[in-house]
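So you can see what is in the structure, the chains are spelled out below.
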Amino acid sequence: MLSKKTKYGLKALTFLAAQKGRSPVQISEIAKHENISQKFLESILLTLRKTGLLGSKKGKGGGYYLIKEPKDIPMTTVMRVLEGPIAMVPCVSLNFYEKCEDCPDEASCSVHKLMLQVRDSTLEVFKNNTLADLVP
């Protein structure tokens, strides 16, 4: 299941992507418009800023803004920043691979085979969508 952090992060990014121009938007405005706890949103936006998806400006007229154009922000990047590995089990992860302790042989593991398909299908969806695709 998608975490609230990821859901709210996607909503906030979409809200910022829908803004005319790239001027900073205050956290309170995003929180109110998207019905997200301001405190929770602050931590999400900070994560997005630290990973280079957002910029921020302090003081009067300050807030958060997208650093790149929405069409240049792939969903694979957003999902990995907010949710972590895309794979559901570590033995099929491309970036966070770990051998499963309870599995003697990945090649004959039915779970491994299924999760490879799930990972590949999920990656295909994320690779074929950008933040621009989420903007109404």
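So, a few notes on the structure that sits alongside this text. Here the structure is a predicted model, which means the values were calculated and not measured. All residue numbers refer to positions counted from 1 along the written sequence of the respective chain. Given that this is a predicted model, residues contribute local features only at a pLDDT of at least 70 and side-chain atom pairs are listed and counted only at 80 or more, while totals for whole chains, interfaces and linings are drawn from all residues. For the side-chain quantities, the full set of heavy atoms in the structure was used; hydrogens and water were omitted.

Some thoughts on the packing of helix H1 (residues 4-17) against helix H3 (residues 38-50)
Just so we agree on the cut-off: Between the N-to-C directions of two axes lies an angle of 0 to 180 degrees, each axis being a line fitted to C-alpha atoms and, for a helix, fitted only over the stretch in contact. Each helix is a run of H or I in the DSSP string that is no shorter than four residues. Each strand is a run of E no shorter than two, and both are numbered from the N terminus. Roughly parallel means an angle under 35 degrees; roughly antiparallel, over 145; roughly perpendicular, 65 to 115; everything else is oblique. Two residues form a contact once any of their heavy atoms are found within 4.5 Å. When residues are sorted by character, Ala, Val, Leu, Ile, Met, Phe, Trp, Tyr, Cys and Pro go into the nonpolar class, Asp, Glu, Lys and Arg into the charged class, and all the rest, Gly among them, into the polar class.
Between H1 and H3, the least distance of the axes is 10 Å, while the angle of their chain directions is 75 degrees. One element, H1, and the other, H3, form an angle in the roughly perpendicular class. Residue-level contacts link Lys4, Lys5, Tyr8, Gly9, Ala12 and Leu13 of H1 to Phe40, Leu41, Ile44, Leu45, Thr47 and Leu48 of H3. For the contact of H1 with H3, the residue count by class is eight nonpolar, two polar and two charged.

Comments concerning the packing of aromatic side chains
Here is the rule we go by: For Phe, Tyr and Trp, where Trp contributes only its six-membered ring, two rings pair if their centres lie within 6.5 Å, and the inter-plane angle classes them as stacked under 30 degrees, edge-to-face over 60, or tilted in between. Three labels apply to residues, based on accessible area from a 1.4 Å probe with only protein chains included: buried if under 20% of the type maximum, exposed if over 50%, partly exposed otherwise in between.
In total, this model carries one aromatic pair according to the counting rule given. Taking 5.7 Å as the distance between ring centres and 75 degrees as the angle between the ring planes, the aromatic pair formed by Tyr8 and Phe40 counts as edge-to-face. Here the residue Tyr8 occupies a position in helix H1, and Phe40 occupies one in helix H3, the gap between them amounting to 32 residues. Exposure remark for Tyr8: the relative accessible area of 16% places this residue in the buried category.

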